[in-house]
Amino acid sequence: MKSGVIIALAIGAVVSTVLLVMEQLTDYSIAVMAWEMPGISAAYLFWGAVGSSVFLGVAITWAVNAIVYGAVAFVVLTVAKLAIRGLPE
């Protein structure tokens, strides 16, 4: 279970990083950016708490997206693991 959580969080971090990089590479012009909403919402929520720092806002966005996408990856990995265990040998 512990290794599954670590793998899922790593997947979430990679997905979050790719989304942040795609944003700059595409000059903020693709519809995929709607996937960044959990992190962007958290950054706006805590914007006053971090003193309107752009760097901290991006860090919050990246971290929240990593956790959200990591949770989805954890569910997918858990379902896949249970499905593989249920296969007849």
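Treat the numbers as computed from the prediction; the structure is a model and nothing was measured.

Draft legend 1. A look at the overall build of the protein. When helices and strands are tallied, the protein shows three helices and zero strands. For the protein, the N- to C-terminal ordering of α and β elements is α-α-α. For the protein, the residues scored as buried account for 24% of the 89 residues in total. Taking the contacts inside the protein whose residues are at least 6 apart along the sequence as the reference set, 63% of them involve residues at least 24 apart. For the protein, the accessible surface area stands at approximately 6,200 Å², while carbon and sulfur atoms represent 77% of it.

Draft legend 2. Representation of a nonpolar patch on the surface in the model. On the surface, a cluster of nonpolar side chains totalling about 410 Å² of accessible area is made up of M1, V5, L9 and I67. Looking at the element boundaries, L9 is found in helix α1 (residues 2-25).

Draft legend 3. A look at helix α3 (residues 54-85). Spanning 32 residues, α3 covers 46 Å between terminal C-alpha atoms, matching the ideal 46 Å at 1.5 Å per step. Looking only at α3, the buried set comprises G57, I60, T61, N65, A66, Y69, G70 and A73.

Draft legend 4. Representation of the confidence of the model for the protein within the structure. Summary statistics for the protein give a mean pLDDT of 77 and a share of 76% for residues scoring 70 or more. The spread of mean pLDDT over the elements of the protein runs between helix α2 (residues 37-45), the lowest at 70, and α3, the highest at 85.

Draft legend 5. Main features of the environment of V68. Mapped onto the secondary structure, V68 falls in helix α3. With a relative accessible area of 31%, V68 lands in the partly exposed category.

Draft legend 6. A look at the environment of G70. Tracing the chain through its elements places G70 in helix α3. Taking relative accessible area as the criterion, G70 reaches 3% and is therefore assigned buried. When the C-alpha positions of G70 and G12 are compared, they lie 3.9 Å apart, and in sequence the two are 58 residues distant.

Rules behind the numbers
Residues numbered from 1 in each chain as written. Predicted model: local features only at pLDDT ≥ 70, side-chain atom pairs only at ≥ 80, totals over all residues. Heavy atoms only, no water. Helix = DSSP H or I, 4+ residues; strand = E, 2+ residues; numbered from the N terminus. Buried < 20%, exposed > 50% of the residue type's maximum accessible area, 1.4 Å probe, protein only. Contact = heavy atoms within 4.5 Å. Areas by Shrake-Rupley, 256 points an atom, 1.4 Å probe, with all protein chains shown as cover. Patch = residues over 30% accessible without salt bridge, like charges linked within 9 Å, V, L, I, M, F, W, Y side chains within 5 Å. Salt bridge = Lys/Arg side-chain N within 4 Å of Asp/Glu carboxyl O. Expected span 1.5 Å × (residues − 1). pLDDT = per-residue confidence, 0-100.

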